[in-house]
Amino acid sequence: MNSIGKLAELKACDYLQKKKYILLEANYRSRFGEIDLIMNKGKYICFIEVKMRNEKSIASPSEFVDIYKQRKMAATAELYLAYHETKLQPRFDVIEVFTENNKIKSIKHLENAFQLY
């Protein structure tokens, strides 16, 4: 991952911690894929994908979390939950990080960004 990508994840984590989210794991990896952030907020355990794009990008960052990425996240989340028992309700969020000239301009949090059935 490039340094601006790592910075985007750190800024996203800071952003959520200011909103009283508690970091459980960062860059959790399994044989299925990776989840950027796993955080707790209230009754939820949030599996969070951080996506960064230039403000002038043709599509929003969340549009790059396609069905294949969603399935990988879900499989990784299931594995995480198999080893970390919890009564919390799982939720999938996306953090959109917008950049301009390699500098972070804004962050948008999409709660419950997708659901898999």
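Up top is the structure these notes are about.
Reading guide: rules and limits
- Residues numbered from 1 in each chain as written.
- Predicted model: local features only at pLDDT ≥ 70, side-chain atom pairs only at ≥ 80, totals over all residues.
- Heavy atoms only, no water.
- Pairing = 2+ DSSP bridges.
- Helix = DSSP H or I, 4+ residues; strand = E, 2+ residues; numbered from the N terminus.
- Contact = heavy atoms within 4.5 Å.
- Polar contact = N/O pair within 3.5 Å; in protein donor to acceptor, adjacent residues only side chain to side chain.
- Buried < 20%, exposed > 50% of the residue type's maximum accessible area, 1.4 Å probe, protein only.
- Expected span 1.5 Å × (residues − 1).
- Right-handed = clockwise from strand over helix to strand, strands pointing away.
- Phe/Tyr/Trp six-rings, centres within 6.5 Å; stacked < 30°, edge-to-face > 60°.
- Lys NZ or Arg CZ within 6 Å of the ring centre and 35° of its normal.

K.L.:
Would you mind showing me how to read the pairing of strand S1 (residues 22–29) here?
P.N.:
A regular strand places its side chains so that they alternate between the two faces of the sheet. With six bridges joining them, S1 and strand S2 (residues 34–41) adopt antiparallel strand pairing. Across the sheet, Glu 25 pairs through a bridge with Ile 38, a residue of S2. Between S1 and the antiparallel strand that follows it, S2, lie four residues; Gly 33 among them carries a positive phi value of about 160 degrees.

K.L.:
It is not clear to me how the environment of Asn 27 should be interpreted in this structure. Could you clarify?
P.N.:
Examined against the element boundaries, Asn 27 turns out to sit in strand S1. Along the chain, Asn 27 and Leu 37 lie 10 residues apart, while their C-alpha atoms are 6.1 Å from each other. Those residues within four positions of Asn 27 in sequence are excluded, and the remaining contacts are Lys 6, Glu 9, Glu 34, Ile 35 and Asp 36. There is a polar contact of 2.9 Å between the side chain of Asn 27 and the side chain of Glu 9.

K.L.:
Would you explain unusual backbone geometry in this entry?
P.N.:
Backbone phi values are negative for most residues with the exception of glycine, while trans is the configuration of most peptide bonds. In this structure, Lys 20 takes a positive phi of about 75 degrees despite not being glycine. Turning to its location among the elements, Lys 20 is positioned in the loop between helix H1 (3–18) and S1. According to the relative accessible area criterion, Lys 20 is exposed, its value standing at 65%. The phi dihedral of Asn 101 falls on the positive side, at around 55 degrees, and the residue is not glycine. On the secondary structure map, Asn 101 appears in the loop between strand S4 (89–100) and strand S5 (103–110). Under the relative-accessibility criterion, Asn 101 is labelled exposed at 66%.

K.L.:
Explain the environment of Glu 63 to me, please; I cannot follow it from the model alone.
P.N.:
Counting through the fold element by element, Glu 63 comes out in the loop between strand S3 (44–54) and helix H2 (67–83). Residue classification places Glu 63 among the exposed positions, given a relative accessible area of 54%. Along the primary structure Glu 63 and Val 94 are separated by 31 residues, whereas in three dimensions their C-alpha atoms are 10.0 Å apart. Among the polar contacts made by the side chain of Glu 63, one reaches the main-chain amide nitrogen of Ser 60 at a distance of 3.0 Å.

K.L.:
How should H2 be read in this particular structure?
P.N.:
Because each turn of an α-helix spans 3.6 residues, side chains separated by three or four positions end up pointing in the same direction. For H2, built from 17 residues, the straight-helix expectation of 24 Å at 1.5 Å per residue is met to within 8% by its first-to-last C-alpha distance of 25 Å. Within the span of H2, buried status applies to Lys 69, Gln 70, Met 73, Ala 74, Thr 76, Ala 77, Leu 79 and Tyr 80. At its buried positions, H2 is contacted by S1, S2, S3 and S4.

K.L.:
When you look at the pairing of S4 in this model, what are you seeing that I'm missing?
P.N.:
When you tally the buried positions in S4, you get nine out of 12 residues, the bulk of the element. Pairing analysis gives 11 bridges linking S3 to S4, with the strands arranged parallel. If you follow Ile 48 over to S4, its bridge partner there is Asp 93. Between the parallel elements S3 and S4, the chain passes through H2 in a crossover that is right-handed.

K.L.:
Before we go on, may I ask you to explain the packing of aromatic side chains in this structure?
P.N.:
The relation between two aromatic rings is expressed through the spacing of the ring centres and the mutual angle of the planes. The final tally for this structure, using the stated rule, is four aromatic pairs. Ring centres of Phe 47 and Phe 92 lie 5.8 Å apart, and the angle between their planes is 35 degrees; this geometry places the pair in the tilted category. Placement of Phe 47 in strand S3 and of Phe 92 in strand S4 is noted, with a sequence separation of 45 residues between them. Residue Phe 47 is classed as buried on the basis of its relative accessible area of 0%. Given a relative accessible area of 13%, Phe 92 falls into the buried group. Connected via pairs of aromatic rings, a cluster forms that spans Tyr 28, Phe 47, Tyr 80, Phe 92 and Phe 114. One residue, Arg 53, lies across the ring of Phe 64, its end atom 3.8 Å from the ring centre. The cationic tip of Arg 91 hangs over the ring face of Tyr 44; the distance from NZ or CZ to the ring centre is 4.7 Å.

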